[in-house]
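Report on the structure
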Amino acid sequence: MSAVGNYSCETAAQTLEWIHAIIDFLKPFSFFSDALVVNFFKDRLWEAVDKEWMDCLRNEPVEYLLQIPSGVVQDYWPASLKKFILTSRSLAFPREQADLQKVLPGLHLRSLNNVIAQGMNQKKKHEYEGSGSLIRVGALLLWEQIEALAAIISSIARSVGAGTVVDVGAGQGYLAQVLSFEYQLSVIAIDACSHHGRITDARAERIKKYYAAKMRKSRLEGTKLTMPKTVTCHILSADMLKVLSYSLQRKDDSKQSNLIDQVAIEHTHGTFEGKVPPPPEGGKCPLLLAGLHACGDLSVSMLRTFVECDEVKAVVSIGCCYNLLSEGGTENVASQCGFPMSKGVNDAGLLLGRSSRDLACQSAARWSSLGKDAGLHNFELHAFRAAFQMVLFRYYPEILTTSPTIGRQGKAFRRQQNQRILESHLQHESTGSPNSLSRESSMKKGNCPTMKSSEAGPDNNKGAYDIDTCIDTLEYCGPADLVGSAWGNDGSSHVSSSNQTAECGEVKPIDKISLFEKFCQSGLHRLGLSCSNEIDFAGLWKETKPFSELIGPYWSLRAALGPVFETIVLLDRLLFLQEQDKFLEAYILPIFDPVLSPRNVALIAKKF
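Residues numbered from 1 in each chain as written. Predicted model: local features only at pLDDT ≥ 70, side-chain atom pairs only at ≥ 80, totals over all residues. Heavy atoms only, no water.

An unreviewed UniProt entry lists the chain under the name Methyltransferase domain-containing protein, with Rhododendron simsii as the source organism.

Written as structure tokens, this is what we have:
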């Protein structure tokens, strides 16, 4: 999986060539990577983009805009626009799930039984909308991830003779437990949260009973069951992880625990100096470091530990949260920053910045899977947030110096309300109420399920609730043309009343300006600011509204660079390993479905 189009990353020279190609491509488009979409109206960001591109895209269907981050173009678009999008796609490392059996011959994936998979169905459940409907995804998400990753780790561990796997950032121990019970590997599960450790231990005890009973039935009572050992500790540096790696190999449990506790206390009080004790006597225990979506610099610490610690023979790392990476200057490549890691990228003088690292977290595959209504909802919220930034700029300028964040207003609550609506209508349908309609039947008859305003959530969701409710009600009406008909030219949207189920043709207009005002009130509340009577919400919305249709094209073009920035991060980490003098093999491999798990690329390395 090392050759991609005209680029390859089999050797350090090839990887560096790919990196330089990306750097050269990105230079003319720094106005995208340096910008914050929240400042869209404030800084008139659309003016930096080729006018021909914006004139072309402003009238394009939402579905076409959502496909741009995945590198999909239309034949009639301007040649320069197509070149930008297609070049972005050609420079990005592909995210399509690899055929693991083909890439890793001899790999044996074990199907997880219901006992060991218990709880995974509810873990990291993703929801996304398509074609106007809410689709729940997650029943197989973590299950399939753990099945694939555990098989890979087991195969790599046995190939390098690693007797112990250190699961870094283990969470609630799902991966650690599969490796222990299914693959009979010795596993150390490290996580910063003591609650996760307790859950891991309790769950492992339940699973152990099942496997013990299974062995009794098979008359294998003499077989020793392995259970993951949990450690609660913050991993803040490669030196600290190295200390833990050595301490975990000590057979004396009391000395092992004392050393781990000492390291944790020193880090808590800021006195840890990275003093690495010598490896334990009486033979070394080869280790494999594993991390499933190890956040920010944690993935970086794993790679540095792999290089610096002789006892770590392999690493399987799937990174996450690039926005949380620390970033250093070009003068000191030896610093422990998260980016850049490699000498090659450091010498090129490339720094990403927070905005570009945020962009690297985008999911092109997911956006292309969205339907029109969900995509338009995304653009509408971007417009509201950018207009709210104008409110802050004019009435609360001092707050902008702190880069205020108000979060995804109402997103989780909107999901809950969607589920309540659907369950409510299904319940009414099952009781045979003559006035009740299931979602399916209401869609067929053109009706709009609604909810009562009394169902509003907590105070911190007020305002956001109203916005999301209105848009959700439109989504229930089916594939309506929200741009042309649902959102009128007068700035109003048409949804059913809050206390009855009405047909889509018999709707009450709800002023979009009122929705914007409620959004702003919610945002101000989150920032701890009082809402001034002097704020002219209506005037500000009317001022920004003519340019709101440019949000979608701008966002989509900018998001096309997301996979390119993630590729830079991945190649930098790979190049860091390729630059080492030690004999090692390293490669990157997409091992999950990118729609279900956007961060699906594993960096796998082992020492000869």
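Our focus in this paragraph is the packing of helix 16 (residues 372-395) against helix 21 (residues 512-526). Two quantities define a packed helix pair, namely the angle between the helix axes and the distance between the axes. Remark: helix 16 packs on helix 21, axes separated minimally by 10 Å, with the N-to-C direction vectors making an angle of 65°. As helix 16 packs across helix 21, the resulting crossing turns out to be right-handed. Between helix 16 and helix 21, the residues in contact are Glu 380, Leu 381, Phe 384, Arg 385, Ala 387, Phe 388, Val 391 and Leu 392 and Lys 512, Leu 515, Phe 516, Phe 519, Cys 520, Gly 523 and Leu 524, respectively. (Axes fitted to C-alpha atoms, helices over the stretch in contact; angles between N-to-C directions. Helix = DSSP H or I, 4+ residues; strand = E, 2+ residues; numbered from the N terminus. Left-handed = near helix turned anticlockwise from the far one by under 90°. Contact = heavy atoms within 4.5 Å.)

Mean pLDDT over the chain: 76, with 68% of residues reaching 70 or higher. Per-residue pLDDT stays below 50 along residues 330-334; that stretch engages in six contacts with residues further than four places along the chain or on separate chains. Taken as a whole, residues 432-509 scores under 50 in pLDDT and shows 157 contacts with residues more than four places along the chain or in a different chain. (pLDDT = per-residue confidence, 0-100.)

Note that soluble globular proteins tend to have their nonpolar side chains buried in a common cluster. In this structure, Phe 84, Leu 557 and Leu 577 are the most contacted members of the largest nonpolar core, which totals 109 residues. Not counting chain neighbours up to four residues away, the residues in contact with Leu 557 comprise Phe 32, Val 49, Trp 53, Met 54, Leu 57, Ile 68, Leu 81 and Phe 84. (Core = buried A, V, L, I, M, F, W, Y, C linked by side-chain atoms within 4.5 Å. Buried < 20%, exposed > 50% of the residue type's maximum accessible area, 1.4 Å probe, protein only.)

Okay, the side chain of Asp 191 next. The topology assignment puts Asp 191 in strand 6 (residues 186-191). Under the relative-accessibility criterion, Asp 191 is labelled buried at 13%. Looking at Asp 191, its side chain comes within polar contact range of the main-chain nitrogen of Ala 170, at 3.5 Å. Ignoring any residue separated from it by four or fewer positions in sequence, one finds Asp 191 in contact with Gly 169, Ala 170, Gly 171, His 196, Val 231, Thr 232 and Cys 233. (Polar contact = N/O pair within 3.5 Å; in protein donor to acceptor, adjacent residues only side chain to side chain.)

Here we come to the sheet that holds strand 7 (residues 229-232). A sheet is described by the order of its strands in space; here seven strands give the open sequence 7-6-5-8-9-15-14, paired in mixed fashion. Strands at the two margins of the open sheet, each flanked by one partner only, are strand 7 and strand 14 (584-590). Averaged over all adjacent pairs, the angle separating strand axes in this sheet is 15°, with direction ignored. Pairing geometry for strand 9 (residues 312-320) and strand 15 (residues 601-607), over four bridges, is antiparallel. Looking across to strand 15, one finds that Ser 317 is bridged to Leu 603. Packed onto the sheet, helix 12 (residues 297-308) meets strand 5 (164-168), strand 8 (287-295), strand 9, strand 14 and strand 15 and runs at close to 165° relative to strand 9. (Pairing = 2+ DSSP bridges.)

This next bit is on the environment of Leu 289. Checked against the element boundaries, Leu 289 lands in strand 8. In this structure the C-alpha to C-alpha distance between Leu 289 and Leu 303, which are 14 residues apart in sequence, comes to 8.7 Å.

The tally for this structure, following the rule as stated, stands at 25 aromatic pairs. Aromatic side chains Phe 32 and Phe 84 sit 6.0 Å apart centroid to centroid with 35° between the ring planes, which places their arrangement in the tilted category. Of this pair, Phe 32 sits in helix 2 (residues 30-33) while Phe 84 sits in helix 5 (residues 79-91), and the two are 52 residues apart along the sequence. Take Phe 32: its relative accessible area is 0%, and that puts it in the buried class. Residue classification places Phe 84 among the buried positions, given a relative accessible area of 2%. Consider the rings of Phe 384 and Trp 541, whose centres lie 5.2 Å apart with planes at 85°: the pair is edge-to-face. Residue Phe 384 is located in helix 16, and its partner Trp 541 is located in helix 22 (residues 537-544); the two are separated by 157 residues in the primary sequence. Trp 541 matches Phe 384 in its accessibility class, with the two residues each being buried. Ring-pair connections join several aromatic residues into one group, and the members of that group are Phe 25, Phe 29, Phe 31, Phe 32, Phe 40, Phe 41, Trp 46, Trp 53, Phe 84, Phe 547 and Tyr 554. The positively charged end of Arg 304 is found above the aromatic ring belonging to Phe 576, 5.9 Å away from the centroid. (Phe/Tyr/Trp six-rings, centres within 6.5 Å; stacked < 30°, edge-to-face > 60°. Lys NZ or Arg CZ within 6 Å of the ring centre and 35° of its normal.)

Bringing the pattern of salt bridges into the picture now. Applying the stated criterion across every chain, the model contains 13 salt bridges. Salt-bridge contacts for Glu 543 lead to Arg 394; the nearest nitrogen and oxygen are separated by 2.5 Å. Placement of Glu 543 in helix 22 and of Arg 394 in helix 16 is noted, with a sequence separation of 149 residues between them. Ionic contacts of the salt-bridge type, sharing partners, join the residues Lys 51, Asp 55, Arg 58 and Glu 549 into one network. (Salt bridge = Lys/Arg side-chain N within 4 Å of Asp/Glu carboxyl O.)

Moving on: unusual backbone geometry. In terms of backbone geometry, most residues other than glycine have negative phi values and most peptide bonds are trans. Between Phe 339 and the following residue, Pro 340, the backbone shows a cis peptide bond with an omega angle of -5°. The residue Pro 340 is located in the loop between strand 9 and helix 13 (343-347) in this model. For Arg 44, which is not a glycine, the phi torsion comes out positive at approximately 50°. The topology assignment puts Arg 44 in the loop between helix 2 and helix 3 (51-57). Phi is positive for Cys 321, which is not a glycine, with a value near 55°. Structurally, the position occupied by Cys 321 is in the loop between strand 9 and helix 13. Residue classification places Cys 321 among the partly exposed positions, given a relative accessible area of 23%.

What follows concerns the pairing of strand 15. In terms of burial, strand 15 is a largely internal element, seven of the seven residues being buried. Residues Val 601, Leu 603, Ala 605 and Lys 607 line one face of strand 15 and the alternating positions Ala 602, Ile 604 and Lys 606 line the opposite face, and both faces are buried. Bridging between strand 14 and strand 15 involves seven bridges; their strand directions are antiparallel. Paired with Leu 584 across the strands is Lys 607, a residue of strand 15.

At their nearest, the axes of helix 1 (residues 12-26) and helix 5 sit 11 Å apart, and the two run at 155° to each other. Of the possible angle classes, the one that applies to helix 1 and helix 5 is roughly antiparallel. Handedness of the crossing formed by helix 1 with helix 5: left-handed. Note on element contacts: helix 5 touches helix 1 through Phe 84, Thr 87, Ser 88 and Leu 91, opposite Trp 18, Ala 21, Ile 22 and Phe 25. (Parallel < 35°, antiparallel > 145°, perpendicular 65-115°, else oblique.)

So, on to the side chain of Arg 558. In this structure, Arg 558 sits in helix 23 (residues 551-559). Not counting residues up to four positions away in its chain, the partners in contact with Arg 558 are Phe 32, Ser 33, Ala 35, Val 37, Ser 355 and Leu 359.

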